[in-house]
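Chain by chain, the residues run as shown.
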Amino acid sequence: MPCKKCGKKILCSDFCRSHFVDYVENKVRKTIRKYKLFTKKDKIAVAVSGGKDSTVLLFILHKLGYDVTGITVDAKIGNYTKVNLENLQSVCKKYEVPLKEISFREEFGYSLCYIRDVLKSKGYTYSSCTICGVLRRYLLNKYAKGFDIIATGHNLDDEAQAFLMNIFRNDLTVARRQGPISGVGKTKKFIRRVKPLFNVREKEIETYSKLHKFPVNYNECPCSVDAYRKNFKKFLNDFEEKHPDVKYNINNFFMNSIYTENKESKVNIGTCKICGEPSANDKCKVCIILENLKS
Ligand code: SF4
Ligand SMILES: [Zn+2]
Ligand SMILES: [Zn+2]
């Protein structure tokens, strides 16, 4: 089948090379506009990991003329994060985008792998991704102060998988935090998080990234153990082969039924009595993890 627009050979999603690039960038533009994610006046911190999604996001927002800074939290996962950081540094240098680097070791004194192993030896059963997610979200919020918004690279596939997982767990509270404007909403303590790639398929992001020859790591993180999510990913990808719109349909169903932009009224946020960062309880999750580590 030829390109829907010009009849040339198809690269991806029914478009030729140049119309595919326009198609992806237009989807990002439309998502930003439709959900009023941010404007050209906002200072945007783009949470970057060195993977394809966040690199593509940083590039497109920069190309569209937004005021972006990359912000990365290095969890110190051996060679994997070392290469990711080098890749990020080269992308940011090439496109002249500032990059703010934060490191687990400088902030907490240890790498993710060390924290996980010590906690395991003490009988705590946190997975690498749980520890990594909690610590990284905390650092991002802490170091993105001064920015108006944090943009993350979550894509259509991530959102559809997460919604199905929340249904399977009957977890309406977590499901309500999904969507193009995510987390607990806009408060003075939490910087709002948004997902401009909400409508872009993972396959499209990978194609866009390869087309631009971005130096990104397409391999999986060696600590990734979320077998539960991997099942949903496989199931949705298999299903999509016969029913191409399934991921869009899941996300549209979510947006038309559960999504709420005004999440702040549902969450009572105080301050952690140890570190002073925002927390729903007396002690934040990070301080609990660090206490368990030292106990
Ligand atoms: S896969 Fe898990 S451990 Fe690896 S970077 Fe992502 S959250 Fe961290
Ligand atoms: Zn074309
Ligand atoms: Zn704390």
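Residues numbered from 1 in each chain as written. Chains lettered and ligands numbered in written order. Predicted model: local features only at pLDDT ≥ 70, side-chain atom pairs only at ≥ 80, totals over all residues.

**Student:** Before we go on, may I ask you to explain the pairing of strand β1 (residues 43–47) in this structure?
**Tutor:** A regular strand places its side chains on the two faces of the sheet in alternate fashion. The element β1 is largely enclosed, with a buried count of four among its five residues. Judged from the five bridges that link them, β1 and strand β2 (residues 67–74) form a sheet pairing that is parallel. Looking at β2, one finds that Ala47 is bridged to Ile71. Viewed along the sheet, the connection from β1 through helix α2 (residues 52–63) into β2 turns out right-handed. (Buried ≥ 20, exposed ≤ 12 C-beta atoms within 10 Å, placed from the backbone. Helix = DSSP H or I, 4+ residues; strand = E, 2+ residues; numbered from the N terminus. Pairing = 2+ DSSP bridges. Right-handed = clockwise from strand over helix to strand, strands pointing away.)

**Student:** Any chance you could explain the site of ligand 1 here in plain terms?
**Tutor:** Near ligand 1 the following residues occur: Ala75, Ser128, Cys129, Cys132, Gly133, Cys221, Cys223 and Ser224. Of the residues that constitute the shell around ligand 1, the class distribution is five nonpolar, three polar and no charged. (Near = placed C-beta within 6 Å. Nonpolar A, V, L, I, M, F, W, Y, C, P; charged D, E, K, R; others polar.)

**Student:** Just checking my understanding: could you explain unusual backbone geometry for this structure?
**Tutor:** Backbone phi values are negative for most residues with the exception of glycine, while trans is the configuration of most peptide bonds. Positive phi, close to 50°, is recorded for Ser13, a residue that is not glycine. Looking at Ser13, the number of C-beta atoms within 10 Å reads 17, which means it is partly exposed. A positive phi angle is found at Lys213, which is not glycine, with a value near 55°. Relative to the assigned elements, Lys213 resides in the loop between α9 (202–211) and α10 (227–242).

**Student:** So what exactly am I meant to see when it comes to the packing of helix α6 (residues 128–143) against helix α12 (residues 285–294) here?
**Tutor:** Angle between the axes and distance between the axes: these two values describe a pair of packed helices. It is at 9 Å that the axes of α6 and α12 come closest, and there the two elements cross at 125°. Relative to α12, α6 is oriented oblique. Seen along the crossing, α6 lies across α12 with a hand that is left-handed. Across the interface between the two elements, Ile131, Val134, Leu135 and Tyr138 from α6 touch Lys285, Val286 and Ile289 from α12. Among the residues forming the contact of α6 with α12, the class breakdown is six nonpolar, no polar and one charged. (Axes fitted to C-alpha atoms, helices over the stretch in contact; angles between N-to-C directions. Parallel < 35°, antiparallel > 145°, perpendicular 65-115°, else oblique. Left-handed = near helix turned anticlockwise from the far one by under 90°. Contact = placed C-beta atoms within 7 Å.)

**Student:** Even after reading the chapter, I still don't get the environment of Ser18, so can you show me in this structure?
**Tutor:** Residue placement: Ser18 occurs in helix α1 (residues 17–34). Classification of Ser18 by C-beta neighbours within 10 Å gives partly exposed; the count is 13. In this structure, the C-alpha to C-alpha distance between Ser18 and Lys8, residues ten residues apart in sequence, is 9.9 Å.

**Student:** How should I be thinking about the packing of helix α7 (residues 156–168) against α10 in this particular structure?
**Tutor:** Contact geometry of α7 with α10 gives a least axis separation of 10 Å together with a crossing angle of 115°. Judged by the angle between their axes, α7 and α10 are roughly perpendicular. For the pair α7 and α10, the sense of crossing is right-handed. Taking contact as the criterion, the partners of Asp157, Ala160, Gln161, Leu164 and Met165 in α7 are, on α10, Tyr228, Arg229, Phe232, Lys233 and Leu236. Taken together, the residues of the contact of α7 with α10 sort by class into six nonpolar, one polar and three charged.

**Student:** So what exactly am I meant to see when it comes to the sheet that holds β1 here?
**Tutor:** Backbone-to-backbone hydrogen bonds pair the strands of a sheet. The strands run either parallel or antiparallel. Across the sheet, six strands lie side by side as β3-β2-β1-β4-β6-β5; this open sheet has mixed pairing. Pairing within the sheet leaves two strands with one partner each, and these edge strands are β3 (99–103) and β5 (181–182). Examined bridge by bridge, strand β4 (residues 149–151) and strand β6 (residues 193–194) share two bridges and lie parallel to one another. Residue Ala151 lies in a different strand from β6, and its bridge partner there is Val194. Against the sheet, α2 touches β1, β2 and β4, its axis set at about 160° to β1. Against the sheet, α6 makes contact with β1, β2, β3 and β4, and its axis sits at roughly 140° relative to β2, the strand it touches most.

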